[in-house]
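Now for the letters of each chain:
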Amino acid sequence: MSDLLDLNAVEARKALIKKSISAVELTTAYLGAAEATAGLNNYVNLTAEHALSMAAESDKRINEGAPGLLEGLPIGVKDLFCTKGVTSTACSNILRGFVPPYESTVTSNLWNAGGVMLGKLNCDEFAMGSGNETSVYGPAINPWQGSDKVDLVPGGSSGGSASAVAARSALMATGTDTGGSIRQPAAFCGVVGLKPTYGRCSRWGIVAFASSLDQAGPFTRNVADNALMMSAMASYDLKDSTSTKIPLQDLMGALDRGVKGLKIGVPREYVMDGMDNEVVNLWEQGQAWLREAGAELVDVSLPHTKYALPAYYIIAPAEASSNLARYDGVRYGTRVDADTLDGMYEATRAAGFGDEVQRRIMIGTYVLSAGYYDAYYLKAQKVRRLIKDDFDTVYQTVDAILTPATPSAAFPVGRKIDDPVTNFLNDVFTVPANLAGLPGIVVPGGLTSNGLPLGLQVLGRPFDEAGLYRVAAVLEDAAGFTFKAARIAGGGS
Ligand code: GLN
């Protein structure tokens, strides 16, 4: 069984098409792995029967000689995606028991390409958090451990997705990224995560957090698998008015193009107080790797970087407060009855939303309220434009930007949950890309002295996911990151 789990997605696809393995065998191995690693709490709903019947269909299509791009590959889905007939809760009490009568566009694309759904993955409630600790199902755990063997967070909000891919209980997984929720967990769990350009993947059928920032993207074990999954996920969608018609580039073809002649920017404002030395060292190492591969490294300035976090933590809650107004106890999930209609709304929302979500709703309604709108929300929107302008200017001279992924490695479960502001700092390197709508990828670069993964982030021009994969493939090659998490299905090292 463990050798099936050793195959990455590209290898598994080849073996499936050659019929040296079957989709049912592969899916069975992953379902077993999910059960064996259940202590990591990364699945909130393992849909074994459904998975096996999808896998049997895949085997049929392979036998008929008509395999899709992801035929027979087992995929975990963040619980933020609506999946038809399968409970979808955004890991919130308020959506407990909600079974959507429709499928999100992104997941439809995956199943149309032959992907097999393993189940729904844990995440922060409504994708608000950086450690997967706000989930109503309890925290997902990182399969990596430092020498002290303390349980660590997998990052958030797509913590279950990153944890499952690292623990080999999903070959691939979907995530969403509003301020870093794909890239930060990818870094914490030593896997590859891409946040595509805003508009690249349809948002239709994904529980909305902050609509102008939300993007879906893939989690995989390596860069090639990521390009493969992304090739199937992205599509123009009439049902999402912000989805793009700009054609997706040949992502797999970008992988071996190298970086010779590319100009890579290194933003000086990303050197920040409180950053671990090991993070700085890896960043410098990343620059050296790209230089050795023939890229030109250029010192650049993104002067408004320091305003990105404050602007994000106004804009994201503002949009969230409006998006979450729909959870009123009438249309979905939980209802707590009361004598009056207003009383029912209040009781439902008080019981249905956790602390972090309530905090965001309060901040959001405050910054949108008459008298404060101009001072906070409008100001934040103006700052957002300046941040976007910084990138536009820099991209006139460089092709991509290299930064650290996170200011530190994964932290212990429970350490930051009571300190929202420290928690917010996790997103310092990832949030600017969401505000500017740009694509970003995180690749594992190395381990800390305590044995925990650290990631490097590459940011690209709008709609240049291929350019990101080009740079990411070179970094991956140079880093030679073959370490495995300690708590992995089939035994780690
Ligand atoms: N950690 C950030 C937040 O809590 C980002 C979350 C996300 O990208 N969904 O808002």
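Here's what I pulled together on the structure shown here. (Residues numbered from 1 in each chain as written. Predicted model: local features only at pLDDT ≥ 70, side-chain atom pairs only at ≥ 80, totals over all residues. Heavy atoms only, no water.)

Tallied over the full model, the rule gives 14 salt bridges. Taken together, the shared-partner salt bridges in this structure form one network comprising E356, R359 and R360. (Salt bridge = Lys/Arg side-chain N within 4 Å of Asp/Glu carboxyl O.)

Turning to helix 12 (residues 341-352), a few remarks are in order. In a regular helix each residue adds 1.5 Å, so 12 residues correspond to 16 Å; helix 12 covers 16 Å between its end C-alpha atoms and thus fits that length. Turning to helix 12, its buried residues are G343, M344, T348 and G352. Taken end-on, helix 12 shows its buried residues confined to a sector of 145°, consistent with a single buried face. With respect to the buried face of helix 12, the exposed residues turned more than 90 degrees away are D342, E346 and A350. (Helix = DSSP H or I, 4+ residues; strand = E, 2+ residues; numbered from the N terminus. Expected span 1.5 Å × (residues − 1). Buried < 20%, exposed > 50% of the residue type's maximum accessible area, 1.4 Å probe, protein only. Arc of directions from axis to C-beta.)

When two helices pack together, their arrangement is given by the angle between the helix axes and by the axis-to-axis distance. It is the contact of helix 8 (residues 223-233) with helix 17 (residues 465-479), at a shortest axis distance of 9 Å, that shows an interaxial angle of 155°. The angle between helix 8 and helix 17 places the two elements in the roughly antiparallel class. Listed contacts from helix 17 to V223, N226, A227 and M230 of helix 8 are Y469, A472, A473 and E476. Looking at side-chain class alone, the contact of helix 8 with helix 17 contains 6 nonpolar, 1 polar and 1 charged residues. (Axes fitted to C-alpha atoms, helices over the stretch in contact; angles between N-to-C directions. Parallel < 35°, antiparallel > 145°, perpendicular 65-115°, else oblique. Contact = heavy atoms within 4.5 Å. Nonpolar A, V, L, I, M, F, W, Y, C, P; charged D, E, K, R; others polar.)

A few words on the side chain of T37. Along the chain, the position of T37 falls in the loop between helix 3 (23-36) and strand 1 (43-46). With relative accessibility at 7%, the residue T37 sits in the buried group. Discounting residues that sit within four places of it in the chain, T37 has contacts with A167, S169, I488 and A489.

Among the 15 residues in the neighbourhood of the ligand, the closest are listed as T178, G179, S181, Y312 and R360. Contacts to the ligand include G129, whose backbone N or O atom sits 2.9 Å from an oxygen atom. The contact in question runs from an oxygen atom of the ligand to an N or O atom on the backbone of G179, over 2.6 Å. Here the ligand loses 100% of its free accessible area of 290 Å² to cover by the protein chains. Among the cavities detected, the one that contains the ligand is the largest cavity. Its residues assigned to classes, the shell around the ligand comprises 5 nonpolar, 7 polar and 3 charged. (Near = heavy atom within 4 Å. Polar contact = N/O pair within 3.5 Å; in protein donor to acceptor, adjacent residues only side chain to side chain. Areas by Shrake-Rupley, 256 points an atom, 1.4 Å probe, with all protein chains shown as cover. 1 Å grid on protein atoms, 1.4 Å probe; cavity = no way out; pocket = protein on both sides within 12 Å on 5 of 7 lines; lining within 4 Å. Sits in = over half its atoms within 2 Å of the grid points.)

For the rest of this paragraph, the subject is helix 6 (residues 159-167). Of all the 9 residues making up helix 6, 9 are buried; the element is thus mostly covered by neighbouring parts of the structure. Looking at helix 6, one finds that the buried residues are G159, G160, S161, A162, S163, A164, V165, A166 and A167. The secondary structure elements touched by the buried residues of helix 6 are strand 2 (74-78), strand 3 (116-121), strand 4 (172-177), helix 7 (183-189) and strand 6 (215-220). A positive backbone phi angle near 60° is found at R168, which sits one or two residues after helix 6.

Right, let's talk about the sheet that holds strand 3 for a bit. Taken in spatial order, the 11 strands line up as 1-3-2-4-6-5-10-11-9-7-8 in an open sheet, and their pairing is mixed. Only two strands of the sheet have a single partner each, and these edge strands are strand 1 and strand 8 (296-300). Taken pair by pair, the neighbouring strands of this sheet meet at an average axis angle of 30°, ignoring direction. Examined bridge by bridge, strand 2 and strand 4 share 2 bridges and lie parallel to one another. (Pairing = 2+ DSSP bridges.)

Take the nonpolar core next. Of all hydrophobic cores here, the largest spans 154 residues; its most connected members are L73, F126, L290 and F391. Residue contributions to this core peak at 10 residues, all from helix 11 (residues 308-323). Ignoring anything within four residues of it in the chain, the contact list for F126 reads L80, A90, S92, I94, L95, V207, F209, L324, Y327, F353 and V357. (Core = buried A, V, L, I, M, F, W, Y, C linked by side-chain atoms within 4.5 Å.)

The next thing to look at is the pairing of strand 6. With 6 of 6 residues buried, strand 6 is to be regarded as a mostly interior element. Bridge count for strand 4 against strand 6 is 5 bridges, and the pairing is antiparallel. Paired with T176 across the strands is A216, a residue of strand 6. Relative to strand 6, strand 5 (residues 192-195) runs antiparallel, the two being bridged by 2 bridges. Across the sheet, the residue bridging to G193 is F219, located in strand 6.

With that out of the way, let us pick up empty space enclosed by the protein. If you walk through the whole model with that rule in mind, you get 2 cavities of 30 Å³ or more. One number sums up the size of the largest cavity: a volume of about 70 Å³. Along the wall of the largest cavity there are 13 residues; nearest its centre are G129, S181, Y312, Y313 and D427. Of the residues belonging to the lining of the largest cavity, the class tally is 5 nonpolar, 6 polar and 2 charged. In this structure, the second largest cavity spans a volume of roughly 40 Å³. Those elements giving two or more residues to the lining of the second largest cavity turn out to be helix 10 (277-292) and strand 11 (453-460). Tallied by class, the residues present in the lining of the second largest cavity amount to 7 nonpolar, 2 polar and no charged. (Points joined across faces, edges and corners; volume = space filled by probe spheres on them.)

A grouping of Y366, Y372 and Y376 is seen on the molecular surface, where their side chains present a nonpolar patch of about 280 Å² in accessible area. Note on placement: Y372 falls in the loop between helix 13 (355-368) and helix 14 (373-394). (Patch = residues over 30% accessible without salt bridge, like charges linked within 9 Å, V, L, I, M, F, W, Y side chains within 5 Å.)

Below, the discussion takes up unusual backbone geometry. In this structure, S157 follows G156 across a cis peptide bond, with omega equal to 10°. Position of S157 among the secondary structure elements: in the loop between strand 3 and helix 6. The residue K19 is not glycine, and still its phi comes out positive at about 65°. Among the secondary structure elements, K19 is positioned in the loop between helix 2 (9-17) and helix 3. The partly exposed category is assigned to K19, whose relative accessible area is 47%.

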